[in-house]
Amino acid sequence: MSSTVNLVKLVEQGAADEVARVMQICNACRYCEGFCAVFPAMERRRTFSTGDAAYLANLCHHCGACYHACQYAPPHEFGVNVPQALATLREDSYIAYAWPGPLAGLFRRNGLVVVLVLMLGLALVTGAMLAMISPQLFWGAHIGEGAFYVLMPHYVMAGIPGFITAFSVVALIQGWRRYWRHTGARWGGFTALRGAVSALASLRHLGGEHTGKGEGCPGPDETNSRARQYYHHATFYGFMMCFAATSLATAYHYILGREAPYGYLEPPVLLGTVGGIILCIGTAGLFYEKQRMATAVKSVREYGMDYAFIAILFLVSFTGLVLLAVRETSFMGLTLAIHLGAVYAFFLIMPYSKFVHGLYRFAALLADEGEKQG
Ligand code: SF4
Ligand code: SF4
């Protein structure tokens, strides 16, 4: 069932060993088998290689329910803490599958790296603008189509993220391949794909639908709530709307020959505005929920990647909304530089941030659906 080929040396073998240890205990107990997809997947195994452990870690949606229900949790001598064991290995797995390998270390000091990359992005954009135009133009008010490109030509503004994104996409594909091979996942056909897409789009695990009650996940006070599901939804769909807005604006530019900024009621702006607001709400809510999470179930290692990723996503959407508000004033140059700096930093850090969680979680759901069909 599991991969025995250690394609990727996990950064901390101890984290995989701890997952294997608690899974052996859970496999004998099985009290939590109806809680989530992790326990049925565990029951399909008798031993747990590092690949199996990494697969289960990415299948866990970190609700904490099994910790609160566990009679073997600390201070019991077995010390079973499934959410913490899986969360720690999950974060290690992001490092282990990162490509190219030498850049994997960026995960370890993720919070600091994001801040540094963000500052680099800001300096790059502001410097490029000032080098190409005069301070008078930078601080001037520009109105109508093509106003943004007075400050920075379109080929530079679009070319920089295009180059960064191309690299990031290759890095993400390579990370996915490493994950898929190491966990020994099998392609389960289009039925499995449909099941995985449906689980991801509805986030039904976060909603607790698998328990038949749909009460969501337990908070630190152990009462259930669907807040994490709603905020994840807002973040995901807000991001997708912003992505659609950018794609539409690109079509306007190259197919219709029209230059940004567009009217407030035109589709690219409407999509971006609604998406940006939803993304702000989703990321702020995730930050709040993260704060509320019981300390006992958090990863033992603090890479800061959760907060750093949420912060940069919030910054991208918030500065985009501010730019919309001030785009016809003399603050447009400064706000555009800050927004582009945040956007460039986001794309640059994408393969080395919590963004990979979405990919590996989808891969785990896909493998799980395949396994269920035999
Ligand atoms: S988490 Fe605890 S109660 Fe749940 S299956 Fe494992 S050992 Fe049993
Ligand atoms: S924390 Fe939640 S999702 Fe993770 S193994 Fe426990 S019950 Fe399942």
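Just so you know, these numbers come straight off a predicted model, no measurement behind them.

**Student:** Explain the overall build of the protein here, please?
**Tutor:** Helix and strand counts for the protein stand at 16 helices and two strands. Taken over C-alpha atoms, the radius of gyration comes to 22 Å for the protein, in line with the 21 Å a tight globule of 374 residues would show. Principal axes of the C-alpha set define a box for the protein whose edges measure 70 × 40 × 40 Å. Burial status across the protein gives 49% buried among its 374 residues. For the protein, the accessible surface area stands at approximately 16,900 Å², while carbon and sulfur atoms represent 66% of it. With 27 positive and 23 negative side-chain charges, the protein shows a spacing of 5 Å between the two charge centroids.

**Student:** It is not clear to me how the packing of aromatic side chains should be interpreted in this structure. Could you clarify?
**Tutor:** For any two aromatic rings, the description comes down to two numbers: the centre-to-centre distance and the angle of the planes. Throughout the structure, instances matching the rule amount to 21 aromatic pairs. Relative to Phe35, the ring of Tyr31 lies with its centre 6.4 Å away and its plane at 65 degrees, an arrangement referred to as edge-to-face. Judged by its relative accessible area of 24%, Phe35 is partly exposed. Between Trp99 and Phe167 the ring centres are 6.4 Å apart and the planes differ by 35 degrees, which places this aromatic pair in the tilted class. Residue Trp99 is found in the loop between α5 (82-97) and α6 (110-132), and its partner Phe167 is found in helix α9 (residues 154-182); the two are separated by 68 residues along the sequence. Given the relative accessible area of 26%, Trp99 is considered partly exposed.

**Student:** Explain the site of ligand 2 to me, please; I cannot follow it from the model alone.
**Tutor:** Neighbouring ligand 2 are 13 residues; Cys36, Cys60, Cys63, Gly64 and Cys66 lie closest to it. For the shell around ligand 2, the secondary structure elements donating two or more residues are α2 (38-43) and α5. No other element matches α5, which puts three residues into the shell around ligand 2. Considering only residue class, the shell around ligand 2 consists of 10 nonpolar, three polar and no charged.

**Student:** Even after reading the chapter, I still don't get the packing of helix α10 (residues 189-202) against helix α16 (residues 356-372), so can you show me in this structure?
**Tutor:** Look at α10 against α16: their axes get within 8 Å of each other, and the N-to-C directions meet at 135 degrees. Between α10 and α16, the interaxial angle falls into the category oblique. When the axes of α10 and α16 are compared, the crossing they make is right-handed. On α16, the residues touching Ala192, Leu193, Gly195, Ala196, Val197, Ala199 and Leu200 of α10 are Phe362, Leu365, Leu366, Glu369 and Gly370. A breakdown of the residues in the contact of α10 with α16 according to their chemical character gives nine nonpolar, two polar and one charged.

**Student:** What am I meant to see in unusual backbone geometry here?
**Tutor:** Negative phi characterises most residues that are not glycine, and trans characterises most peptide bonds. Following Pro74, the chain continues into Pro75 via a peptide bond in cis, with omega recorded as 15 degrees. Here Pro75 lies in the loop between α4 (65-69) and α5. Following Ala260, the chain continues to Pro261 via a peptide bond in cis, the omega torsion being 5 degrees. Along the chain, Pro261 falls in the loop between α12 (227-254) and α13 (267-292). Backbone geometry places Arg30, a non-glycine residue, at a positive phi of 65 degrees. Among the secondary structure elements, Arg30 is positioned in the loop between α1 (13-29) and α2. Even without a glycine there, the phi angle at Leu203 is positive, about 50 degrees. Note that Leu203 resides in the loop between α10 and α11 (204-207). We classify Leu203 as buried; its relative accessible area is 16%.

**Student:** When you look at the pattern of salt bridges in this model, what are you seeing that I'm missing?
**Tutor:** Counted according to the given criterion, the structure contains 14 salt bridges. Here Lys372 makes a salt bridge to Glu369, at a shortest N to O gap of 3.4 Å. One end of the pair is Lys372 and the other is Glu369, both in helix α16 and three residues apart, which spans about a single turn. Residue classification places Glu369 among the buried positions, given a relative accessible area of 12%.

**Student:** Looking at this structure, how should I read the confidence of the model for the protein?
**Tutor:** Do not read the predicted coordinates in detail wherever pLDDT is low. This prediction gives the protein a mean pLDDT of 88; 95% of its residues lie at or above 70. Here α6 is the element of the protein with the lowest mean pLDDT, 75, and α2 is the one with the highest, 96.

So, how was this worked out
- Residues numbered from 1 in each chain as written.
- Chains lettered and ligands numbered in written order.
- Predicted model: local features only at pLDDT ≥ 70, side-chain atom pairs only at ≥ 80, totals over all residues.
- Heavy atoms only, no water.
- Helix = DSSP H or I, 4+ residues; strand = E, 2+ residues; numbered from the N terminus.
- Rg over C-alpha atoms; globule rule 2.2 N^0.38 Å.
- Buried < 20%, exposed > 50% of the residue type's maximum accessible area, 1.4 Å probe, protein only.
- Areas by Shrake-Rupley, 256 points an atom, 1.4 Å probe, with all protein chains shown as cover.
- Lys, Arg positive; Asp, Glu negative; His and termini not counted.
- Charge placed at Lys NZ, Arg CZ, Asp CG, Glu CD.
- Phe/Tyr/Trp six-rings, centres within 6.5 Å; stacked < 30°, edge-to-face > 60°.
- Near = heavy atom within 4 Å.
- Nonpolar A, V, L, I, M, F, W, Y, C, P; charged D, E, K, R; others polar.
- Axes fitted to C-alpha atoms, helices over the stretch in contact; angles between N-to-C directions.
- Parallel < 35°, antiparallel > 145°, perpendicular 65-115°, else oblique.
- Left-handed = near helix turned anticlockwise from the far one by under 90°.
- Contact = heavy atoms within 4.5 Å.
- Salt bridge = Lys/Arg side-chain N within 4 Å of Asp/Glu carboxyl O.
- pLDDT = per-residue confidence, 0-100.

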